[in-house]
Amino acid sequence: MTVCTLCDSAAIQAYHQDNRRAYFQCRDCRLVFADPASHLTPEQEKAVYDQHENHVEDEGYRRFLSRLAAPLSARLPPGPLDGLDFGCGPGPALASMFREQGHQVAVYDPYFAPDTAALASQYDFVTCTEAIEHFYTPAREWQLLLSLVKPGGWLGLMTKLATDAEAFSRWHYKNDPTHVSFFSQETFRYLAQRDGLAVEFIGNDVIMLRKNQS
């Protein structure tokens, strides 16, 4: 029986079907997720990522990342602070941008920076840009992200947000075979209420979550 990959609810409904895979939606947390049977193997997934060309010094890429970096920087207390870029990819430009502000920033990526020592600490801020939609087991990975944030710290996310089934049917974002977990504002509000977080939405794809002090 299919259950929600984020909240484990059995309240699942069919959401969309295309010629690649089926998608389901959880009626509780509202996550939309691809049929787990359609997930790529790690080798197939890595082959897709290897086609990306995101370089640390690429000004266009930096402008893209600044949509998260700027509002997060504005919310952080005076530094220097300890941060982590989770899912940094092959070109950890965001970590470099925060280091240029004087912060100490570690990186982790299961394929490109797999040293799990970075996951043994807590941080003043954690960023995860264009990565959460790749989570095959978001229940586990979400709890990991929360565990990495110090009380009172910030989790800054960037991911395109799902809206409704009709728009989803035409949405290019779902066509990337490595995109399997599609969050919405409703999903993040559910998580914020459940896990004691404050949540803000900035534009169409930036989400700021602050962990409670205790």
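As a reminder, the structure under discussion sits directly above these lines.
To keep things clear, this report deals only with the structure shown in the data block. Keep in mind it's a predicted model, so treat the numbers as computed, not measured. (Residues numbered from 1 in each chain as written. Predicted model: local features only at pLDDT ≥ 70, side-chain atom pairs only at ≥ 80, totals over all residues. Heavy atoms only, no water.)

## Observations concerning the sheet that holds strand 4 (residues 82-86)
For the record, the criterion: We treat two strands as partners when DSSP finds at least two bridges between them. Think of it this way: any DSSP run of H or I at least four residues long counts as a helix, any run of E at least two long counts as a strand, and we number them from the N terminus. A fitted line through C-alpha atoms serves as each axis, taken over the contacting stretch for helices, and the angle formed by two N-to-C directions is quoted from 0 to 180°. Between two residues, a contact is recorded if the distance between any of their heavy atoms is within 4.5 Å.
Taken in spatial order, the 6 strands make up an open sheet running 5-4-6-7-10-9, and their pairing is mixed. With one partner strand each, in any of the chains shown, strand 5 (104-108) and strand 9 (197-202) form the two edges of the open sheet. Neighbour to neighbour, the strand axes of the sheet diverge by 15° on average, direction disregarded. One ladder, built from 6 bridges, connects strand 6 (residues 123-129) with strand 7 (residues 149-158); its direction is parallel. The residue of strand 7 that forms the bridge with Phe125 is Trp154. Contacts between helix 2 (residues 59-75) and the sheet are confined to strand 6, strand 7, strand 9 and strand 10 (206-211), with strand 7 contributing the most and set at about 155° to the helix. Seen against the sheet, helix 4 (residues 138-148) touches strand 4, strand 6, strand 7, strand 9 and strand 10 and runs at an angle of roughly 130° to strand 7.

## A closer look at the packing of helix 4 against helix 6 (residues 185-195)
Test applied: Angles below 35 degrees are treated as roughly parallel, those above 145 as roughly antiparallel, those between 65 and 115 as roughly perpendicular, and all remaining angles as oblique. Left-handed describes a crossing whose near helix is turned anticlockwise from the far helix through less than a right angle; right-handed describes the clockwise counterpart. Under this grouping Gly is polar, as are all residues other than the nonpolar Ala, Val, Leu, Ile, Met, Phe, Trp, Tyr, Cys and Pro and the charged Asp, Glu, Lys and Arg.
Two numbers describe how helix 4 lies on helix 6: the axes approach to 13 Å, and their chain directions differ by 55°. With respect to helix 6, the axis of helix 4 lies oblique. Once helix 4 is placed against helix 6, the crossing between them reads as right-handed. For the pair helix 4 and helix 6, the contacting residues are Trp142, Gln143 and Leu146 in the first and Phe188, Leu191, Arg194 and Asp195 in the second. Counted by class, the contact of helix 4 with helix 6 contains 4 nonpolar, 1 polar and 2 charged residues.

## Description of unusual backbone geometry
Note the threshold: For every residue, the accessible area obtained with a 1.4 Å probe (protein chains only) is divided by the maximum for its type, and the residue is called buried under 20%, exposed over 50%, and partly exposed between those limits.
With a phi close to 65°, Asp8 is a non-glycine residue in the positive phi region. Tracing the sequence through the fold places Asp8 in the segment before strand 1 (12-17). We classify Asp8 as exposed; its relative accessible area is 56%. A positive phi is found at Arg30, a non-glycine position, where the angle reads about 75°. By secondary structure assignment, the location of Arg30 is in the loop between strand 2 (22-26) and strand 3 (32-34). Accessibility expressed as a relative area gives 25% for Arg30, which makes it partly exposed.

## Digging into the pattern of salt bridges
Opposite charge on two side chains lets them pair, provided their charged atoms get close. The following threshold applies: Take a side-chain nitrogen of Lys or Arg and a carboxyl oxygen of Asp or Glu: if they are within 4 Å of each other, that pair is a salt bridge.
Overall, the coordinates contain 8 salt bridges when judged by the stated rule. For the salt bridge of Glu200 with Arg75, the shortest nitrogen-to-oxygen distance reads 2.9 Å. Placement of Glu200 in strand 9 and of Arg75 in helix 2 is noted, with a sequence separation of 125 residues between them. For Arg75, a relative accessible area of 28% translates into the label partly exposed. With its nearest N and O atoms 3.9 Å apart, the salt bridge here joins Glu130 to Lys160. Residue Glu130 is located in the loop between strand 6 and helix 4, and its partner Lys160 is located in the loop between strand 7 and helix 5 (165-169); the two are separated by 30 residues in the primary sequence. The partly exposed category is assigned to Lys160, whose relative accessible area is 25%. Within this structure, Arg67, Glu130, Lys160 and Asp205 form a network of salt bridges that share partners.

## Re the nonpolar core
Our working definition: Nonpolar cores are built from buried Ala, Val, Leu, Ile, Met, Phe, Trp, Tyr and Cys residues. Side-chain atoms within 4.5 Å join them into one set.
Phe86, Val126, Trp142, Leu155, Leu157 and Phe188 are the most contacted members of the largest nonpolar core, which has 35 residues in total. Residue assignment for this core shows that the elements contributing at least two residues are strand 2, strand 4, strand 6, helix 4, strand 7, helix 6 and strand 10. With 4 residues, the single largest contributor to this core is helix 4. Ignoring anything within four residues of it in the chain, the contact list for Trp142 reads Leu6, Ile132, Leu155, Leu157, Phe188, Leu191, Arg194, Asp195, Leu197 and Leu209. Judged by nonpolar contacts, the second largest core, of 18 residues, contains Leu72, Phe98, Trp154 and Met208.

## Observations regarding the environment of Ala37
With respect to the secondary-structure elements, Ala37 resides in the loop between strand 3 and helix 1 (42-49). Judged by its relative accessible area of 73%, Ala37 is exposed. Spatially, the C-alpha atoms of Ala37 and Cys26 are 17 Å apart, while their sequence positions differ by 11 residues.

## Overview of the pairing of strand 10
Pairing between strand 7 and strand 10: 5 bridges, direction antiparallel. Bridging across to strand 10, Met158 finds its partner in Val206. Pairing of strand 9 with strand 10 involves 6 bridges; the strand directions are antiparallel. Pairing of Glu200 across the sheet is with Met208, part of strand 10.

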